[in-house]
Amino acid sequence: MTEIDILRADRVLTVVRAETIPDATDLCHALAEGGIRTVELTFTTPDVLHHLGRAADAAAAAGSILGVGTVMTGDQAAAAIDAGARFLVTPGIRPDVAKVATGRSIPVFLGAFTPTEVAMAVDLGSAAVKIFPAKRLGPDYLSDLHGPYPGVELLPSGGINDSNARQFLDAGALAVCAGTSVVPPSSIAAGNWTDITDRARAFVTALSA
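These lines cover the structure that appears in this document, whether it is placed above or below. Because the structure is predicted, anything quoted here is derived from the model rather than measured.

Considerations on the packing of aromatic side chains
- Enumeration over the complete set of coordinates arrives at 2 aromatic pairs.
- On the numbers, 5.5 Å between centres and 40° between planes, the contact of Phe113 with Tyr141 is tilted. Pair noted here: Phe113 is in the loop between β5 (108-112) and α6 (115-123) and Tyr141 is in helix α7 (residues 139-145), with a separation of 28 residues, a long-range link.
- Since its relative accessible area comes to 23%, Phe113 is described here as partly exposed.
- Here the basic side chain of Lys130 rests over the ring of Phe132, its NZ or CZ set 5.3 Å away from the ring centre.

Topic: the packing of helix α2 (residues 24-33) against helix α3 (residues 48-61)
- For the pair α2 and α3, interaxial distance at closest approach is 8 Å and the crossing angle is 45°. The pairing of α2 with α3 is recorded here as oblique in orientation. Crossing geometry of α2 relative to α3 is assigned as right-handed. Contact with α2, carried on its side by Ala24, Thr25, Cys28 and His29, involves His51, Arg54, Ala55, Ala58 and Ala59 of α3 and no other residues of that element.
- Looking at side-chain class alone, the contact of α2 with α3 contains 5 nonpolar, 3 polar and 1 charged residues.

Digging into the nonpolar core
- Counting residues in hydrophobic clusters, the biggest one holds 61 residues, and the most contacted among them are Val16, Leu27, Leu31, Leu88, Val176 and Phe203.
- Membership of the second largest hydrophobic core comes to 14 residues, among which are Leu7, Val89, Leu174 and Cys177.

Digging into the environment of Arg86
- Its location among the elements puts Arg86 in the loop between α4 (74-82) and β4 (88-89).
- Among the residues examined, Arg86 registers a relative accessible area of 27% and is labelled partly exposed.
- Linking Arg86 and Lys135, residues 49 residues apart in sequence, is a C-alpha distance of 27 Å.
- With residues up to four places along the chain from it excluded, the contact list for Arg86 reads Glu3, Ala60, Ser64, Ile65, Leu66, Gly67, Ile106 and Pro107.
- A polar contact of 3.3 Å, which involves the side chain of Arg86, links it to the side chain of Glu3.

Structural notes on the environment of Ala9
- Structurally, the position occupied by Ala9 is in helix α1 (residues 3-10).
- The partly exposed category is assigned to Ala9, whose relative accessible area is 46%.
- With 186 residues separating them along the chain, Ala9 and Asp195 place their C-alpha atoms 23 Å apart.
- Beyond its immediate chain neighbours, meaning those up to four positions away, Ala9 contacts Met1 and Arg37.

Observations concerning the pattern of salt bridges
- This structure, assessed with the given rule, holds 8 salt bridges.
- Of the charged contacts, one joins Arg37 and Asp10 as a salt bridge, the two residues approaching to 2.8 Å between their closest N and O atoms. In this pair, Arg37 is assigned in the loop between α2 and β2 (38-42) and Asp10 in helix α1, connecting sequence segments 27 residues apart.
- Note that Asp170 is salt-bridged to Arg166, the shortest N-O span being 2.9 Å. Of this pair, Asp170 and Arg166 both sit in helix α8 (residues 165-170), 4 residues apart, roughly one helical turn.
- For Asp170, a relative accessible area of 57% corresponds to the exposed category.
- Using a relative accessible area of 29% as the deciding quantity, one classes Arg166 as partly exposed.

Cut-offs used in this document
Residues numbered from 1 in each chain as written. Predicted model: local features only at pLDDT ≥ 70, side-chain atom pairs only at ≥ 80, totals over all residues. Heavy atoms only, no water. Phe/Tyr/Trp six-rings, centres within 6.5 Å; stacked < 30°, edge-to-face > 60°. Helix = DSSP H or I, 4+ residues; strand = E, 2+ residues; numbered from the N terminus. Buried < 20%, exposed > 50% of the residue type's maximum accessible area, 1.4 Å probe, protein only. Lys NZ or Arg CZ within 6 Å of the ring centre and 35° of its normal. Axes fitted to C-alpha atoms, helices over the stretch in contact; angles between N-to-C directions. Parallel < 35°, antiparallel > 145°, perpendicular 65-115°, else oblique. Left-handed = near helix turned anticlockwise from the far one by under 90°. Contact = heavy atoms within 4.5 Å. Nonpolar A, V, L, I, M, F, W, Y, C, P; charged D, E, K, R; others polar. Core = buried A, V, L, I, M, F, W, Y, C linked by side-chain atoms within 4.5 Å. Polar contact = N/O pair within 3.5 Å; in protein donor to acceptor, adjacent residues only side chain to side chain. Salt bridge = Lys/Arg side-chain N within 4 Å of Asp/Glu carboxyl O.

Okay, here's the thing in structure tokens:
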């Protein structure tokens, strides 16, 4: 299965924003046990490429898809891919990132908000377009975007939790991005993997409610 296939099957990607990650491999295993196999570390985490490099092979062996987000430059994109990232995510339109990712056959999810930005992301080769901040205009905005862009995969991010995630899926999202409601920085720092598994499982359950 491709990265997009797994996203479509699981319907959720977890965005990890934490100052400290004791063991990224254990984190991926905890999330996978709860039903979330796609994990995005971010460049806002110190030494993120170190964490990625240590966990990439083990995560892949366990069936998880580990990528990197908040990618701003082509150099960051290349370094993340070299460290083992299987997908890249940007907060906005970043042509240099898209060029590196597509040139190396790595899926990139470019961030967009307006219809014009969605078109730009598609033209740059975005495998899916991250709509951020999704909570600002809500699920109906995704439905509106699918009017002119019926074939574009949309990945809403920002302010999504287990109480509103299903609404975004019903509005046509490929999947949703789950943040601190599933991976609180305090639980990550403490290595409380049971808590994270429980949160992931509850989120996944809510998607089918």
